Amino acid sequence: MRNVYYVARRELNAYLASPIAYVVAAVYLAVLGGLSGFILYYSREATLRYTLTHGVTLLFLVLVTQVLTMRLLADEQRQGTIELLLTSPVRDWEVVVGKYLAGLAVFALMVLLSGYFPIVLMRIGDPDVGVMLSGYLGFLLLGSALLAIGVFASSVTQNQVVAAVLGMGIAILMWLSGALTEFVGEGLRTVIEYLPIFDHYFDFVRGIIDTRHILYYVSVAVLFLFLSARVLEARRWR
Amino acid sequence: MISVQGLTKDYGLVRALDELSFSVNEGEILGFLGPNGAGKTTTMRILTGYMPPTRGIVSVAGYDVVEQSLDARRHIGYLPETVPLYGEMTVYDYLDFCAAIRRVRDRRQAIDRVLEACDIGDVSDHLIAKLSKGYRQRVGLAQALVHDPAVLVLDEPTIGLDPRQILSVRELIRGLGGEHTVILSTHILPEVSQVCQRVLIINRGRIVAEDTPERLTSALQGGTRVHLRLAKASPEAAGMLAGVPGVRSVTPIGVDGYEVICDGADDPRPELAEMAVHRGWGLLEMRSVAMSLEEVFIQLTTDEASPPEERVPAGEVDDRREEGR
């Protein structure tokens, strides 16, 4: 477990040393800030609901998480530094989890920085704080599942752009998979209804914290991290 | 310390290593020699647990590299062919990270030790991305040494260094023998004779020779060779030289040179000199030429099936040898 901490710490420093995290955070805050401003101007409602469920927000979340994670394993493989990690007494999953946690930390920091918006709402109106917190929790959980997808995409290629595009593809396919329910039988439908990655998020925004949804995001994250570790292991066998 | 038995590695349909068996004793320095693509890097990657063998048993420091991979890796320091460096880190932070993931107790002391040993103390707070090739190579070496491993696996450790650095790194590696078991691969043949106690020459995934550098050269040498240069040799000189007892053959080289191959231990040089002087051929030069390790290497690793570019150009090797001095 200590290795997870060392890998995560190194990775976090790498984030802070590269412009990616800063640029992503700045653009993220600017876009969501602008969007929220518009929504507030037209709706005249002190709520985060419209911002958190807006298509632009969701698409942007996919984009941001994939850009944050695209480097994590792809670049190690391209630069050959993966050889250092895999020949050190570190388990494959410790590498994957350490890197994931560093990405999660940067993402959480970005979300924290966007916390000025609820504060603005509280100054100008009377929003339901509980609902806002629940919405933020859902946003974090959704983001953490998307980050795990990004780590997986980054494990299968040496190319960062390929990793980002692949991660976005997986996320968006998981989003759209709900449409398949029209074409399958009863049994498969209950499975497929469970798949769409954004569907589990809207309850949080409405202020409902359901453990099934939490479980969904945690299991998506665990599944993709597990797959990433398997991919690293499979790389050894080639 | 290292034992390899029947090691075979297939990449798809291509057989990279074919039934390789060898062992390295504790404290020994083994040189790993072979043309590009012979399987040196593959062998090293299997030894260090980076990839598993297709078949065969490999153990390092008493641990099976497949079954007890983590234990084996704990005792290995590895410098891969492409030095695994993180450009955005300083040398110190990088070594600290490497020491941390290998459970070094007193990291500061361990880092100070390798900074000194690899002569990189002056750049310890520099970003790795800004370092020259020579420094990067030595930082890579420091990384392999930081946890004081029992076994060191070095894939071309002196590549990209300037002559002075090559000498100091060789000195360093030679100093590691005794306490550490070292396997190093190289293209630079004199390096092997200077640093290693034993040489393993591999070609196309098979071991073609295994011995001490001295014995390898003398075993393949057969007889001595003598180069002669004569200023005013008559046309029949070659034939007359061949008639000297102990001479096997004479081949003219260039305008005034002759290569005389002698049988066994007999040294016919006094007779050759006397004949040249007696006949008034104007003896300019006479020297005995030992077959160099690179010639042995080429003899062992060249066969009709291999395309000419696979052969190591002797000229290039010679240049490097000069560099090394």
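Predicted model, so just to flag it, every value in this text is computed and none were measured.

(A) Expanded view of the overall build of chain B. Within chain B, the secondary structure is distributed over 12 helices and 14 strands. By residue count, 41% of the 325 residues in chain B fall in the buried class. Contacts in chain B between residues at least 24 apart in sequence constitute 66% of all its contacts with a sequence separation of at least 6.

(B) Inspection of the interface of chain B and chain A at higher detail. If you look at the interface, chain B gives 20 residues, while chain A gives 17 residues. Residue assignment for the side of chain B that touches chain A shows that the elements contributing at least two residues are α2 (69–74), β6 (76–79) and α3 (91–101) of chain B. Among the residues forming the side of chain B that touches chain A, the class breakdown is 13 nonpolar, three polar and four charged.

(C) Focus on the sheet that holds strand β4 (residues 55–60) of chain B. Residues and elements named next belong to chain B. Pairing is antiparallel in the open sheet, where four strands are placed in the order β2-β1-β4-β5. Because the sheet does not close on itself, it has two edges, and the strands there are β2 (14–24) and β5 (63–64). Judged from the two bridges that link them, β4 and β5 form a sheet pairing that is antiparallel. The residue of β5 that forms the bridge with V60 is Y63.

(D) Geometry of the nonpolar core. If you look at the biggest cluster of nonpolar residues, it comprises 134 residues, and the most contacted ones within it are A145(A), A148(A), V151(A) and A142(B). Among the elements that line this core, the one with the most residues is helix α9 (residues 129–155) of chain A, at 12 residues. If we skip the residues at most four places from it in the chain, A145(A) touches I197(A), Y217(A), V220(A) and A221(A). In terms of nonpolar packing, the next biggest core, distinct from the first, is built from 13 residues, A233(B), Y258(B), L272(B) and A276(B) among them.

(E) Representation of the domain arrangement of chain B within the structure. Domains assigned within chain B are domain 1 (2–75 + 149–218) and domain 2 (223–289). Using C-alpha coordinates to define each centre, domain 1 of chain B is positioned 42 Å away from domain 2 of chain B.

(F) Broad picture of the confidence of the model for chain B. Residue and element names in this part refer to chain B. Residues at a pLDDT of 70 or more form 85% of chain B, whose mean pLDDT is 83. For chain B, the element scoring lowest by mean pLDDT is helix α12 (residues 314–324), at 39; α3 scores highest, at 96. In this model, residues 304–325 is a region of pLDDT below 50 whose contacts with residues beyond four sequence positions or in other chains number 20 contacts. Scoring of the predicted complex yields 0.81 for pTM and 0.89 for ipTM.

The rules behind each value
- Residues numbered from 1 in each chain as written.
- Chains lettered and ligands numbered in written order.
- Predicted model: local features only at pLDDT ≥ 70, side-chain atom pairs only at ≥ 80, totals over all residues.
- Helix = DSSP H or I, 4+ residues; strand = E, 2+ residues; numbered from the N terminus.
- Buried ≥ 20, exposed ≤ 12 C-beta atoms within 10 Å, placed from the backbone.
- Contact = placed C-beta atoms within 7 Å.
- Nonpolar A, V, L, I, M, F, W, Y, C, P; charged D, E, K, R; others polar.
- Pairing = 2+ DSSP bridges.
- Core = buried A, V, L, I, M, F, W, Y, C linked by C-beta atoms within 7 Å.
- Domains from an automatic or database assignment.
- pLDDT = per-residue confidence, 0-100.

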